[in-house]
Amino acid sequence: MTKKLYVKTYGCQMNVYDSERMADVLAPHGYSAAQSPEDADLVILNTCHIREKAAEKVYSELGRLNILKQARQAEGRRLYLAVGGCVGQAEGEELLHRAPFVDLVMGPQSYHRLPDLLRRAEKSAVVDTEFPSESKFNHLPEESGRAGGSSVSTFLTIQEGCDRFCTFCVVPYTRGAEFSRSVTDVENEARRLVACGAREITLLGQNVNAYHGAGEAGEFSLAQLIRRLAGIDGLERLRYTTSHPRDLSADLIAAHGDVAALMPFLHLPVQSGSDIILKAMNRQHSADDYRRLIEKLRAARPDMALSSDFIVGFPGETDAAFDETLALAREIDFAQAFSFKYSARPGTPAAETDTQVPEDVKSARLAALQAILARSQAAFNASMTGRTLPVLFERPGRHANQMLGRSPYGQWVHADMAPEYRGRCADIIITEAHTNSLAGHAAASAPRVAAAGKTAPAPAFDEGRPA
Ligand code: SAH
Ligand code: SF4
Ligand code: F3S
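So, how was this worked out
Residues numbered from 1 in each chain as written. Chains lettered and ligands numbered in written order. Predicted model: local features only at pLDDT ≥ 70, side-chain atom pairs only at ≥ 80, totals over all residues. Heavy atoms only, no water. Pairing = 2+ DSSP bridges. Helix = DSSP H or I, 4+ residues; strand = E, 2+ residues; numbered from the N terminus. Axes fitted to C-alpha atoms, helices over the stretch in contact; angles between N-to-C directions. Left-handed = near helix turned anticlockwise from the far one by under 90°. Contact = heavy atoms within 4.5 Å. Nonpolar A, V, L, I, M, F, W, Y, C, P; charged D, E, K, R; others polar. Domains from an automatic or database assignment. Buried area = accessible area lost by both parts, 1.4 Å probe. Salt bridge = Lys/Arg side-chain N within 4 Å of Asp/Glu carboxyl O. Polar contact = N/O pair within 3.5 Å; in protein donor to acceptor, adjacent residues only side chain to side chain.

### Considering the sheet that holds strand S15 (residues 305-312)
Strand pairing in a sheet relies on backbone hydrogen bonds, with the paired strands running either antiparallel or parallel. Taken together, the three strands give an open sheet; going across it, the order is S14-S15-S16, and neighbouring strands pair in parallel fashion. Pairing within the sheet leaves two strands with one partner each, and these edge strands are strand S14 (265-267) and strand S16 (336-341). Ignoring which end each strand starts from, the neighbouring axes of this sheet average 10° apart. Note: S14 against S15, three bridges, orientation parallel. What sits directly across from leucine 266, in S15, is leucine 306.

### Quick notes on the packing of helix H7 (residues 183-195) against helix H8 (residues 222-229)
Geometry of a packed helix pair, given as the angle between the helix axes and the separation of the axes. Where H7 contacts H8, the axes come no closer than 11 Å and their chain directions differ by 35°. In this structure, H7 crosses over H8, and the sense of that crossing is right-handed. Contacts from Val183, Val186, Glu187 and Ala190 in H7 reach Leu225, Arg228 and Leu229 in H8. Residue composition of the contact of H7 with H8, by class: five nonpolar, no polar and two charged.

### Brief notes about the domain arrangement of the protein chain
One frequent convention defines the size of an interface as the accessible area lost when the parts assemble. Here the protein chain is described as being made up of domain 1 (3-128), domain 2 (142-263), domain 3 (264-382) and domain 4 (388-453). The distance between the C-alpha centroids of domain 3 and domain 4 comes to 32 Å. At the junction of the two partners, domain 3 supplies eight residues and domain 4 supplies nine residues. Carbon and sulfur atoms supply 53% of the area that domain 3 and domain 4 bury against each other, a total of about 660 Å² over both sides. The largest per-residue losses of area from domain 3 upon contact with domain 4 belong to Pro264, Phe380 and Asn381, which jointly make up 57% of the total buried on that side. Here domain 3 is connected to domain 4 by zero salt bridges. Where domain 3 meets domain 4, there are six residue pairs in polar contact (both at pLDDT 80 or more). Looking at the side of domain 3 that touches domain 4 element by element, the count peaks at four residues for helix H13 (residues 359-382). Among the residues making up the side of domain 3 that touches domain 4, the classes are represented as five nonpolar, two polar and one charged.

Structure below.
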């Protein structure tokens, strides 16, 4: 019997990857993709717990879905509602108290058990938030290549969990201890993705540069893994996210200098420019350590573009401490950056402190920081005009014969190109810089392809940053 599955994804790129894997697990059990919840027999919310706002979104969505579930029941049919991801893990049984109509609550380590959990949920609500002793990666089926695998640019989880325990962060509790997949496992999946059309792979991990997967002769570092994957025929670009400054090793920095497939862009969250705050956050590095890392990266790869995350209003953050964050943001010309107001998360050490910063102060600080970061991003994009950049085209743009691709630095680039360029790199002369994208036209050196007719509208795209 065929059934319809709708997965709604919140949060980070790993959730995007996980959502596809859930669909892969359920496909052999008769589930195919639904276009909307109205059209589904099972709706899974793949949730994010990183900030209060992200977690609260889940409950408003569940409220809407319950109305749909009741209407379905009145017709004598059943709509199953499942909550997975980090809210599922963090709240478990609690979630059922707030939303008793939910059929299944599970954490990110339970996805390979989905068919069994759904069978049990036919009788009564099921909660599964165990951290199993054996990795789910040993039990997940091979990816179908249906969603991510048919994309030019796709994600591949190589590491999950975090042992860093930053005092503000829920991830070590929701994703569990650090686990690295084996080199063979990763390489086989990368080869399958490339066979399905992927030309760029972003290696994912909550602390991806702490990767230490089993290889043929001992453990591989992330740099060694990257060197191995760079040898895959047809794989043109590699990226990785998210890194912790403390785990950015010399061999990884060196790889940026000599692995051509490794893109000159790194998301390296600094969180704060104040050593006092960094210490209270348990980041285990100073602001100067971060500056030195950037210098080393730029020595290895002069055009290295940097991105970061910042938290403003961490407990105990004084005006002086915040000024140090502003100074660091001004000093390092970030190509892009994400900034958030500190959100106290249940169960984390920072939430317990009595030095919480008032909401209005947080808002003012966020605005001040974002003004600097926006200028920095605009300057970075503007510096691209007149340059020729190799752009990997991913999908059609909004206009006929327009294509959308990524620069090596991760910027979206619009260019008038034939749809045949999908999955191919071409040299583009950049003529316009916007806030979030660039535009240009093919350099004479770009290979010609036959012109084609109308193109489909661009699908909605979510940057995949934590909500
Ligand atoms: N290493 C992880 C980090 C996830 S959280 C990764 O794979 O992306 C992403 C960002 O959210 C963090 O870098 C931090 O800046 C922000 N963040 C985490 N916890 C937060 C909190 N309690 N309040 C506000 N921002 C937070
Ligand atoms: Fe959270 Fe990242 Fe710190 Fe780990 S390293 S605790 S995921 S912010
Ligand atoms: Fe979890 Fe990713 Fe959010 S690890 S808490 S879904 S940012």
